[in-house]
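Residue-level listing of the chains:
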Amino acid sequence: METKKNVEGCNFSGFKTNELTQLPRHLDAERIYLFILKAHNFDEKIFKIWKTHFLSEASIALLHDAFWWWFLYKFKPDKQNQDSLFDRISESYVTLFMSIPLSRKDAFFQMYPDCLAQAIYATFQEAFPESSNLFNDEFKEDLGNNIFLWLSGLRPQKGFWTHWKLKELSTTTIHGTKKAPLKSIQGRIARSQERIINTIDFNMKKILKNPRANTVSVSKEESRLTTKSHYCSPGPEFYRVLLNIGSQSPLILHYLKMHELAGISKAPRKSKMKFTAILREPSPAPTYYDIIKEAKRKFARNQKDFRIEKHRINEEIKFLRQRQERIDKELDRLQAKATKKPYEAGDDFEKFLHNLPFEDQEREFLASLSSSTSEDYNFEDEY
């Protein structure tokens, strides 16, 4: 078995009945399992309990054989070796299943499929750093679906791998040391160019003529949004599935068929171990992010309307005060004139009353003031 750092340079040495095929580049299954368990931050007491089960002989065999089965399935198909590996995977899983105490079975097998999928993914990242671009989101989705269906007969929720704390594996080893860069910068550039040519179809002349038309704009709000926003709804509907040894787990069913023990599945169950499955996904609805964004927009609009109305009222008050000042000033002048020339003051008072604006005229003036306020008021100074 070669020990190159890419998938292409690795070959399966062949299935051996009484011997596990070692992981590529001399990786240690126990160390990989410990890396996965530590990433979960379990309580010390729980960590010790789970550690004994994860590092058991059957669990170690599961990681070895499941890794090589997936390697052959995805990259170098070999039906004969895959069938032999699957037979032993079935044997190992039943052995592990029977070794877990009844009181821990439910809790352990709720988390084991996910941890096994993480361990296999970590092995690929650790063994083939130069092929890390192949181990993308689709790879993780397919791997997890396969492992969950094998072990429990249930498909996991879409995007289950988003909670995995393994992103640093592309640059850091399971020991915590930085991974060595690729062999050469030229090789890295060549591989990058090859991927671009294979995945992107574009006209360089067209882009050079109008570069702005070919750019993708991302708003600041969208760039800050790094976490998934869930629908503002009751969420998916769940149901509890009773583990049926003869039908739910393909691995257990395969074991029973290999040993001609199919009749056992019809025997009464002594243990009632349940799994949670999604019955129905929620219908599309506004997400919490959408609701918050709309609330912010409405708040900004209300704030703007409030400032417009506030400015209009202030202008109206200013106009009325100026008018009152003019009236008071004219009344003071008429009162002073009345003591000296009462007849002339009477004529002036009649003219003053005639020139006072009527109520309708005041309304017309204030309406024009209100309409001009929203156009003339500069709101940029307020923000």
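Conventions used here
Residues numbered from 1 in each chain as written. Predicted model: local features only at pLDDT ≥ 70, side-chain atom pairs only at ≥ 80, totals over all residues. Heavy atoms only, no water. Helix = DSSP H or I, 4+ residues; strand = E, 2+ residues; numbered from the N terminus. Buried < 20%, exposed > 50% of the residue type's maximum accessible area, 1.4 Å probe, protein only. Contact = heavy atoms within 4.5 Å. Expected span 1.5 Å × (residues − 1). Patch = residues over 30% accessible without salt bridge, like charges linked within 9 Å, V, L, I, M, F, W, Y side chains within 5 Å. Areas by Shrake-Rupley, 256 points an atom, 1.4 Å probe, with all protein chains shown as cover. Salt bridge = Lys/Arg side-chain N within 4 Å of Asp/Glu carboxyl O. Phe/Tyr/Trp six-rings, centres within 6.5 Å; stacked < 30°, edge-to-face > 60°. Axes fitted to C-alpha atoms, helices over the stretch in contact; angles between N-to-C directions. Parallel < 35°, antiparallel > 145°, perpendicular 65-115°, else oblique. Left-handed = near helix turned anticlockwise from the far one by under 90°. Core = buried A, V, L, I, M, F, W, Y, C linked by side-chain atoms within 4.5 Å. Domains from an automatic or database assignment.

(A) Region of interest: the overall build of the protein chain. A count of helices and strands for the protein chain gives 13 helices and two strands. Taken across its 383 residues, the protein chain has 34% of its residues classed as buried. The long-range share in the protein chain, meaning contacts at least 24 apart out of those at least 6 apart in sequence, stands at 74%.

(B) Region of interest: helix H6 (residues 137–152). Between its first and last C-alpha, H6 extends 22 Å over 16 residues, near the 22 Å set by a 1.5 Å rise per residue. Of all 16 residues that make up H6, 12 are buried, and the element is covered over most of its length. Buried within H6 we find Phe139, Lys140, Glu141, Leu143, Gly144, Asn145, Asn146, Ile147, Phe148, Trp150, Leu151 and Ser152. A positive backbone phi angle near 80° is found at Gly153, which sits one or two residues after H6.

(C) Focus on a nonpolar patch on the surface. A surface patch of nonpolar side chains, amounting to about 240 Å² of accessible area, comprises Leu331, Phe349 and Leu353. Topologically, Phe349 is positioned in helix H12 (residues 342–355). What makes Phe349 partly exposed here is its relative accessible area of 35%.

(D) The arrangement of the environment of Cys115 in detail. Looking at where Cys115 falls in the secondary structure, it is placed in helix H5 (residues 102–127). Separated by 75 residues in sequence, Cys115 and His40 have C-alpha atoms that sit 9.5 Å apart. Those residues in contact with Cys115 that sit more than four places away from it in its chain are Ile36, His40 and Phe54.

(E) Looking closely at the packing of aromatic side chains. Tallied over the full model, the rule gives 32 aromatic pairs. Look at Tyr33 and Phe54: their rings are 5.4 Å apart centre to centre, the planes differ by 65°, and that puts the pair in the edge-to-face class. Of this pair, Tyr33 sits in helix H1 (residues 29–39) while Phe54 sits in helix H2 (residues 44–54), and the two are 21 residues apart along the sequence. For the pair Tyr33 and Phe54, one class covers both residues: buried. A centroid spacing of 5.8 Å and a plane angle of 45° characterise the contact between Tyr121 and Trp164, whose relative ring orientation is tilted.

(F) Main features of the pattern of salt bridges. In the structure shown here, the tally under the stated rule is eight salt bridges. Of the charged contacts in the structure, one is a salt bridge between Lys79 and Asp83, with a shortest N-O distance of 2.9 Å. Of the two residues, Lys79 and Asp83 are both situated in helix H4 (residues 79–99); the distance of four residues between them amounts to about one turn of the helix. Judged by its relative accessible area of 37%, Asp83 is partly exposed. We note a salt bridge from Lys140 to Asp137, for which the minimum N-O separation is 3.4 Å. Taken together, the positions of Lys140 and Asp137, both in helix H6 and three residues apart, correspond to about one turn of that helix. Taking the relative accessible area as the measure of exposure, Lys140 reaches 13% and is therefore buried. A relative accessible area of 42% means that Asp137 is categorised as partly exposed. Members of the salt-bridge network, linked through shared partners, are Glu309, Arg312 and Glu316.

(G) Focus on the packing of helix H3 (residues 57–74) against H6. Taken N-terminus to C-terminus, the directions of H3 and H6 make an angle of 130°; their axes are 12 Å apart at the nearest point. When the axes of H3 and H6 are compared, the pair comes out oblique. In this structure, the crossing between H3 and H6 has a hand that is right-handed. Of H6, the residues touching H3 (which contributes Trp69, Trp70 and Lys74) are Phe139, Asp142, Leu143, Asn146 and Trp150.

(H) Quick look at the nonpolar core. Tyr33, Phe54, Tyr112, Ile120, Phe124 and Phe128 are the most contacted members of the largest nonpolar core, which has 65 residues in total. Mapped by element, the contributors of at least two residues to this core are H1, H2, H3, H4, H5, H6 and helix H10 (250–258). Ranked by residue count, the leading element in this core is H5, at 13 residues. Looking at which domains feed residues into this core, each of domain 1 (7–181) and domain 2 (237–280) gives three or more. Dropping the residues within four chain positions of it, Tyr33 is found in contact with Phe54, Leu55, Ser59, Ile60, Leu63, Tyr112, Leu116 and Ala119.

(I) Broad picture of unusual backbone geometry. At Arg25, a position not held by glycine, the phi torsion is positive, near 55°. Following the sequence through the fold, Arg25 ends up in the segment before H1. Positive phi outside glycine occurs at Asn41, with the angle close to 55°. For Asn41, the position within the fold is in the loop between H1 and H2.

As far as function goes, none of this settles anything; it's purely spatial.
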